[in-house]
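# Structural features, examined
The lines below spell out each chain.
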Amino acid sequence: MTSLLETEDETMLRDAARGFLADAAPVANLRANRDQGRPFDTGLWREMAQMGWAGVLVPEAQGGADMGHRAAGILAEEMGRTLAASPFISSAVMAATTLRAAASQQAEQALTAITEGRLIYAVALDEGRKHAPLNTALVAQKAGNGFRLTGTKAFVADGGSAQRVLVLARTAGSAGEAAGLTLFDIPADRAGLHKMARATVDSRDHAQMVFDGVEATGDEVLGTLDDGWALLARGVQAGQAAVAAELLGVAGGAYGMTVGYLKERKQFDRTIGSFQALQHRAAHLWAEIEVTASAIANAGRVLDATPTQAGLAVSLAKARAAQTVDLAVREGVQMHGGIGMTDAYDIGFYMKRARVGSEWLGDYGYHAAQVAAARGF
Amino acid sequence: MPETAALDAFRTEIADWILSACPAPLLGRAMGEDRIVWGGRKWQFQDDDQKTWMQAAIARGMTAPRWPVEYGGAGLSRAEEKIYREELERLQAPPPLESFGLWMLGPALLEFGTHAQKLAHLLPVTRGEIRWCQGYSEPGAGSDLANVQTRAEDMGDHWLVNGQKIWTSYADRADWIFALVRTDRDAPKHKGISFMLIDMNSPGVTTRPIQLISGKSPFCETFFDNVKVPKSYGEDNPSVVGQVNRGWDIAKYLLTHEREMIGGGARGLLGGRSLGQVLGDLDGAMDDPVTRAEAMRIEVNALAFAMTMERYKDQAEAGRGVGNASAMLKYYGTELNKERYELLMSAAGSEAVEWDGPHGSLAPEWLRTKANSIEGGTSEVMLDIIAKRVLELPNS
């Protein structure tokens, strides 16, 4: 197995991303986005695209940087550190990976547009309160040469901002089956597609999408009829790894703020970071973050080397990330004391994004069960 | 890549060698403490197969795969050694020889010793002829290890050693001891310690085993009563490693090794199987939702921890020291191992509490794991090290 150590190129990418985000997307930007009621800063996303981030997983032939999933994870992690909001994971990771695997001329054009930041994709997947892609019940009924989509998708990340949607629909079979699922690639402003923005705790773009007899042509089927999950699963897996990486960054950001506070806050005439009770909790948190960082790096490496055998690595990363970020934000708020409860202080933003990210594309329980299955129990 | 091809070829070669050199009865069995070959003058092999396997390994330098060939090793790279370990595990072949000489003394001498010291002490270690023990802790120097009081007085041509060590692993079966002794009582406590090599056969050295809660006695008290230690064992071969009064540097270096080792000890105990698979052999155990959830949690953590061990080893190999972060490996690995044994005990229920019941040595092993987070620095000391040295939190 290849080493989990960062290569020189990866370290340069991380340093560049960290430097850029510290200036261009500090946590204050998330606060400004929230206060101005916008899910993300389109100018920031344009800049990210100009740096090649939107094309991180896009082949060079379509104008992408083609740096791979480990690199995408590094970018996601750094974005998590400052809670930088963007459609990176939906569009540049999940949709780009899916479209790339589809390998059609139409998909190639879309990849170029994603890379240039001209086109934002959302992936409309889950329908219930938990991640369960095979439970897809949204129906695509044959209608003439095309299809008619009816049903509701929940928790569609960047669903309010996206110009196009990858939507998983049932064309055959029944809930729980992978066979009979078909993937459609349609414009988000298609008649009958109602997008209902949801005000979520992380102040990001999450929408409910109601498909009320939405028409789709046969050309808008991505991949094979009744076998769309095989294709989308690649994108979902890449997305899970990227969300896990983002959560590692969220954990790191919360940890950094908290240790900084421990070194500065004084009570009982002492810096509170000199109290052993707090030192041990902070040290334990650091240990958890270190261990999770290995699982995140591993997921990126495995996705780059053997993408069809990445299930265990990706679920391990997401399970660890969910547990670690949960600890980081809970300890973060608690160790900040009263100020941690105030909206004026940033630590609460970390807690909110952590909760949403832990849920998105499968929580700890979902992924721990995947690990167990892969490990033979 | 040619590098990968070379490693693949090495894997084939080393697997073939293991299969030809290791007698078949030793293969395909889960590794347990009873299968370890420790070596030394007092060592008795359980059977001829163990001896055959050790001798074959010695001939190829494979008892110390990473050590230089001139000191009895095989001179393997880190990647090659990893492959060797993986193949041993895959074939369920026992390591041909284990010892504190290989784990602890070797790394210390390779880093701090003279050429003559290495030749004199490392070759017998690789051949399983001399068994070493570690004389660090004392009754008054546990977590506060630098407080060692065993003193060595300079008597011209020799040192006169007096004092007591405790938790000396297998001292009663060891031939030599590497010990921390105070050679300057007036210096600050970290600055007056030397790292001394002492023959356990010297008059005045006595040992007394300590019975533990597991019913076993892997640790001893070791007493030094006017023990004469020669200043030198030969040309350029002093009994003190490194400089006199600078032994704490070596102790710290070795503690890093020891911590990585103890932290990593949790791996492989299940013979390459997942915790869930082992528990699956117990009728109904995995039907219990609490057991299942715990098994999943521990499996997730164990897999991520194993990756972290490898990442840190790669980092050390790349010349970027791991340093104080090794405290994390020790802390995390030992706490994880205790959790794993708690779950195994719980799943095996009333059968598990029998000393010699259907689960063999599970009960003593479970009790033994409790020492993991104490020996080599307690979990609390590890967290202190992380907090102060890595997080740079202020002193109280």
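## Structural notes on the overall build of chain A
- Counting its secondary structure elements, chain A contains 11 helices and 10 strands.
- Here the C-alpha radius of gyration of chain A, 21 Å, is about what a compact globule of 377 residues would show, namely 21 Å.
- Here the C-alpha coordinates of chain A stretch approximately 80 × 45 × 40 Å along the principal axes.
- Within chain A, contacts between residues separated by at least 24 positions form 74% of all contacts whose residues are at least 6 apart in sequence.

## Structural notes on the overall build of chain B
- Helix and strand content of chain B: 11 helices and 8 strands.
- A globule of 396 residues ought to have a C-alpha radius of gyration of about 21 Å, and chain B, at 22 Å, matches this closely.
- Considering only C-alpha atoms, chain B reaches an extent of 70 × 50 × 45 Å along its principal axes.
- Across the 396 residues that make up chain B, the buried fraction comes to 40%.

## Examining the domain arrangement of chain A
All names here are of chain A.
- Per the domain assignment, the segments of chain A are domain 1 (8-119), domain 2 (122-228) and domain 3 (230-374).
- Look at where the C-alpha atoms of domain 2 and domain 3 centre, and you get two points 29 Å apart.
- Contacts between the two partners involve 16 residues from domain 2, matched on the other side by 14 residues from domain 3.
- Residue composition of the side of domain 2 that touches domain 3, grouped by class: 9 nonpolar, 4 polar and 3 charged.

## What to know about helix α8 (residues 289-317) of chain B
- In a regular helix each residue adds 1.5 Å, so 29 residues correspond to 42 Å; α8(B) covers 42 Å between its end C-alpha atoms and thus fits that length.
- At the C-terminal side of α8(B), B:Gly319 shows a positive phi close to 85°.

## So, the interface of chain A and chain B
- Counting residues at the interface gives 34 residues for chain A and 32 residues for chain B.
- Elements with a minimum of two residues in the side of chain A that touches chain B: α7 (228-264), α8 (276-305), α9 (311-336) and α11 (364-374) of chain A.
- In the side of chain A that touches chain B, the residues fall into 18 nonpolar, 12 polar and 4 charged.

## A closer look at the confidence of the model for chain B
- On average, residues of chain B score 92 in pLDDT, and 96% of them are at 70 or above.
- Predicted complex, confidence summary: ipTM 0.95, pTM 0.91.

## As for the domain arrangement of chain B
Residue and element names in this part refer to chain B.
- Domains assigned within chain B are domain 1 (2-98), domain 2 (131-246) and domain 3 (265-390).
- For domain 2 and domain 3, the distance between their C-alpha centroids amounts to 31 Å.
- Counting from both sides, the interface comprises 6 residues of domain 2 and, opposite them, 7 residues of domain 3.
- A breakdown of the residues in the side of domain 2 that touches domain 3 according to their chemical character gives 2 nonpolar, 3 polar and 1 charged.

## Re helix α10 (residues 347-359) of chain A
- Taking 1.5 Å per residue, 13 residues should reach 18 Å; α10(A) reaches 19 Å between its end C-alpha atoms and fits that length.
- Looking at the packing, one finds that the buried side of α10(A) touches α2 (27-35), α7, α9 and α11 of chain A.

## Things to note about the environment of B:Leu7
Residues and elements named next belong to chain B.
- Mapping Leu 7 onto the fold places it in helix α1 (residues 2-21).
- Separated by 384 residues in sequence, Leu 7 and Leu 391 have C-alpha atoms that sit 38 Å apart.
- In this structure Leu 7 touches Ala 79 and Ile 83, once residues within four positions along its chain are discounted.

## A short note on the environment of A:Ala328
All names here are of chain A.
- In this fold, Ala 328 is placed in helix α9.
- The class for Ala 328 is buried, based on 29 C-beta atoms found within 10 Å.
- Spatially, the C-alpha atoms of Ala 328 and Val 250 are 8.4 Å apart, while their sequence positions differ by 78 residues.
- In contact with Ala 328, other than residues within four places in its own chain, are Ala 251, Ala 254, Tyr 255, Leu 285 and Ile 289.

## Notes on the pairing of strand β4 (residues 164-170) of chain A
Residue and element names in this part refer to chain A.
- Counting buried positions over the 7 residues of β4 gives 7, a clear majority of the element.
- Here β4 shows no split at all, with Arg 164, Leu 166, Leu 168 and Arg 170 on one side and Val 165, Val 167 and Ala 169 on the other all buried.
- With 7 bridges connecting them, β4 and strand β5 (residues 181-187) associate as antiparallel partners. Residue pairing across strands places Leu 168 opposite Leu 183, the latter belonging to β5.

## What to know about unusual backbone geometry
- Although it is not a glycine, A:Asp158 sits at a positive phi angle of roughly 60°.
- Here A:Asp158 shows up in the loop between β3 (146-157) and β4.
- In the Ramachandran plot, B:Asn245 falls in the positive-phi region, its phi being about 75° despite a non-glycine side chain.
- Assignment of secondary structure puts B:Asn245 in the loop between β8 (240-241) and α6 (247-264).

## Quick word on the pairing of strand β5 (residues 193-199) of chain B
Residues and elements named next belong to chain B.
- Of all 7 residues in β5, 6 are buried; the element is thus mostly enclosed.
- Sheet analysis places strand β4 (residues 176-182) next to β5, joined by 7 bridges and oriented antiparallel. Along β5, the bridge assignment pairs Ala 179 with Met 196.
- Taken together, the 2 bridges between β5 and β8 define a ladder with antiparallel strand orientation. Paired with Phe 195 across the bridge in β8 is Val 241.

## Describing the packing of α7(A) against α9(A)
Residues and elements named next belong to chain A.
- At a closest axis distance of 8 Å, the pairing of α7 and α9 adopts a crossing angle of 25°. In terms of axis orientation, α7 runs roughly parallel to α9. The two elements α7 and α9 cross, and the hand of that crossing is left-handed.
- Per-class residue counts for the contact of α7 with α9 are 20 nonpolar, 6 polar and 2 charged.

Cut-offs and rules
Residues numbered from 1 in each chain as written. Chains lettered and ligands numbered in written order. Predicted model: local features only at pLDDT ≥ 70, side-chain atom pairs only at ≥ 80, totals over all residues. Helix = DSSP H or I, 4+ residues; strand = E, 2+ residues; numbered from the N terminus. Rg over C-alpha atoms; globule rule 2.2 N^0.38 Å. Contact = placed C-beta atoms within 7 Å. Buried ≥ 20, exposed ≤ 12 C-beta atoms within 10 Å, placed from the backbone. Domains from an automatic or database assignment. Nonpolar A, V, L, I, M, F, W, Y, C, P; charged D, E, K, R; others polar. Expected span 1.5 Å × (residues − 1). pLDDT = per-residue confidence, 0-100. Pairing = 2+ DSSP bridges. Axes fitted to C-alpha atoms, helices over the stretch in contact; angles between N-to-C directions. Parallel < 35°, antiparallel > 145°, perpendicular 65-115°, else oblique. Left-handed = near helix turned anticlockwise from the far one by under 90°.

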